[in-house]
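Listed here are the chains, written in short residue letters.
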Amino acid sequence: MGDDIPLSFDASVDAIKRVLPINLQSPRVGIICGSGLSGIVNVFRDVVLIPYENIPGFSTSTVPGHKSTLAFGLLGSGEGVPVVAMLGRFHPYEGHSLSSVVYPVRIMAKLGIKDIIITNAAGSLNPSIPVGTIVVIQDHLALPNLTGMNPLLGPQTSKDLPRFLPLSDAYSPALRRLVFLAAHQLQLDDSALAEGTYAWVSGPTYETPAEGRFLRRVGADVVGMSTVPEVLAAREEGLNVVVLSLVTNFVVIPETYRSIKEEVQAELAGKKVELPQAQVVSHAEVLAIGQEKAGILMKLVESVVDSL
Ligand SMILES: O=P(O)(O)O[C@@H]1C[C@H](O)[C@@H](CO)O1
């Protein structure tokens, strides 16, 4: 963990290429697996697994549901497309610096990927997006970025990168189209997929009801603790980005708080009141829904890769 990122990426690339057969050395697509979503490796062929600890510059994930392994393999029908997947990512709340968080994205770009499929587990802020939905992200809202927590702050890793990165087209319309076409081919129910805006929060706390209401009112559909730093680095590196959020829980946004005043007054008046109790979200719940729905997400990813 920390800020000691080498500004030359060669050592990491060399350590990776050294253990790969020639057909996997130049992956075409990168995949980042969110909480509990690393199962995609089970459908890779010719798999080579490289623990993060064997790659200079990589940190270690400390979050349950995140393995610290880079997986290379062939994905899709026919000869298959060479891909690289991060089976586990880094979050700033673990104590990783932002440059560590996005380091693997930069290395995947150096290895030659052109497209990146980023997945995550997220909470829904939108009553019409229930648990289990896969949300194809069309935009993001990143309060940390707006207030000075941006992975692109500071000296650039290459002078060839744009200093002022436009984000109006961060989420590739072409790749998003492929996701919806893939869902059609897989005969997924219309309700399986939605489109929406992802709010990035630092975590590790889940949202208070007031925070949930705020994020909803300013236009977010789902909320999570990852992804946006990776999107920014990927766009800076010139990659096409698509993000799929699996909704694992609903963020409680009651319009009014459970009123303790009302409850006490009713009790003193001898009345029985049934006021709504807050639901409590947990990472165990996030992982359980991830496990239940990961299969569909994986099929979708495979089908998108197949159609590239
Ligand atoms: O890595 P992702 O974004 O999938 O993980 C989510 C956000 C937090 O890390 C964790 C909270 O349950 O799941």
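Since the structure is predicted, the reported quantities are computational estimates derived from the model, not experimental observations.

J.: Describe the pattern of salt bridges, naming the residues involved and giving the relevant values.
T.: What the rule picks out here adds up to eight salt bridges. For glutamate 237, the salt bridge is made with lysine 110, and the minimal N-O distance between the two is 3.1 Å. Taken together, the positions of glutamate 237 in the loop between helix 6 (228-236) and strand 9 (240-250) and lysine 110 in helix 2 (residues 98-111) put the pair 127 residues apart, joining distant regions of the chain. Arginine 176 serves as the salt-bridge partner of glutamate 195, at 3.9 Å between the closest nitrogen and oxygen. Of this pair, glutamate 195 sits in strand 7 (residues 193-200) while arginine 176 sits in helix 4 (residues 173-185), and the two are 19 residues apart along the sequence. A single network of salt bridges, built from pairs that share partners, joins Arg106, Lys110, Glu236 and Glu237.

J.: An account of the site of the ligand is requested, with residue identities and associated values reported.
T.: In the vicinity of the ligand lie 13 residues, with His91, Tyr93, Tyr206, Ser226 and His283 positioned nearest. Between the ligand and histidine 91 there is a distance of 2.7 Å, counted from an oxygen atom to a side-chain nitrogen or oxygen. Separating an oxygen atom of the ligand from a side-chain N or O atom of tyrosine 93 is a distance of 2.6 Å. Taking 340 Å² as the accessible area of the ligand by itself, protein coverage stands at 96%.

J.: Hey, could you go over the UniProt feature "binding site: a purine D-ribonucleoside" (unreviewed entry) in the protein for me, with residue numbers and the actual values?
T.: UniProt marks Glu207 and Asn249 with the feature "binding site: a purine D-ribonucleoside" (unreviewed entry), using the numbering shown here. Despite a sequence span of 43 residues, these residues sit close together in the fold, their greatest C-alpha distance being 11.8 Å. Inspection of the secondary structure puts glutamate 207 in the loop between strand 7 and helix 5 (209-217). Beyond its immediate stretch of four places on either side in the chain, asparagine 249 contacts Ala122, Gly123, Ser124, Val131, Val281, Glu285 and Val286.

J.: Before we move on, can you summarise the confidence of the model for the protein with the specific residues and values?
T.: With 94% of its residues at a pLDDT of 70 or more, the protein has an overall mean of 91. Scored by ipTM, the complex comes to 0.98, with pTM at 0.93.

J.: Could you give an account of the packing of helix 4 against helix 8 (residues 283-306), with specific residues and numbers?
T.: With their axes 9 Å apart at the nearest point, helix 4 and helix 8 run at an angle of 115° to one another. Judged on the interaxial angle alone, helix 8 and helix 4 are roughly perpendicular. Note on packing geometry: the crossing formed by helix 4 with helix 8 is right-handed. Facing Leu178, Val179, Ala182, Ala183 and Gln185 of helix 4, the residues of helix 8 in contact are Leu300, Ser303 and Val304. Residues belonging to the contact of helix 4 with helix 8 are distributed by class as follows: six nonpolar, two polar and no charged.

Rules of the game
Residues numbered from 1 in each chain as written. Predicted model: local features only at pLDDT ≥ 70, side-chain atom pairs only at ≥ 80, totals over all residues. Heavy atoms only, no water. Salt bridge = Lys/Arg side-chain N within 4 Å of Asp/Glu carboxyl O. Helix = DSSP H or I, 4+ residues; strand = E, 2+ residues; numbered from the N terminus. Near = heavy atom within 4 Å. Polar contact = N/O pair within 3.5 Å; in protein donor to acceptor, adjacent residues only side chain to side chain. Areas by Shrake-Rupley, 256 points an atom, 1.4 Å probe, with all protein chains shown as cover. UniProt positions renumbered as here; feature names shortened; annotations may be inferred. Contact = heavy atoms within 4.5 Å. pLDDT = per-residue confidence, 0-100. Axes fitted to C-alpha atoms, helices over the stretch in contact; angles between N-to-C directions. Parallel < 35°, antiparallel > 145°, perpendicular 65-115°, else oblique. Left-handed = near helix turned anticlockwise from the far one by under 90°. Nonpolar A, V, L, I, M, F, W, Y, C, P; charged D, E, K, R; others polar.

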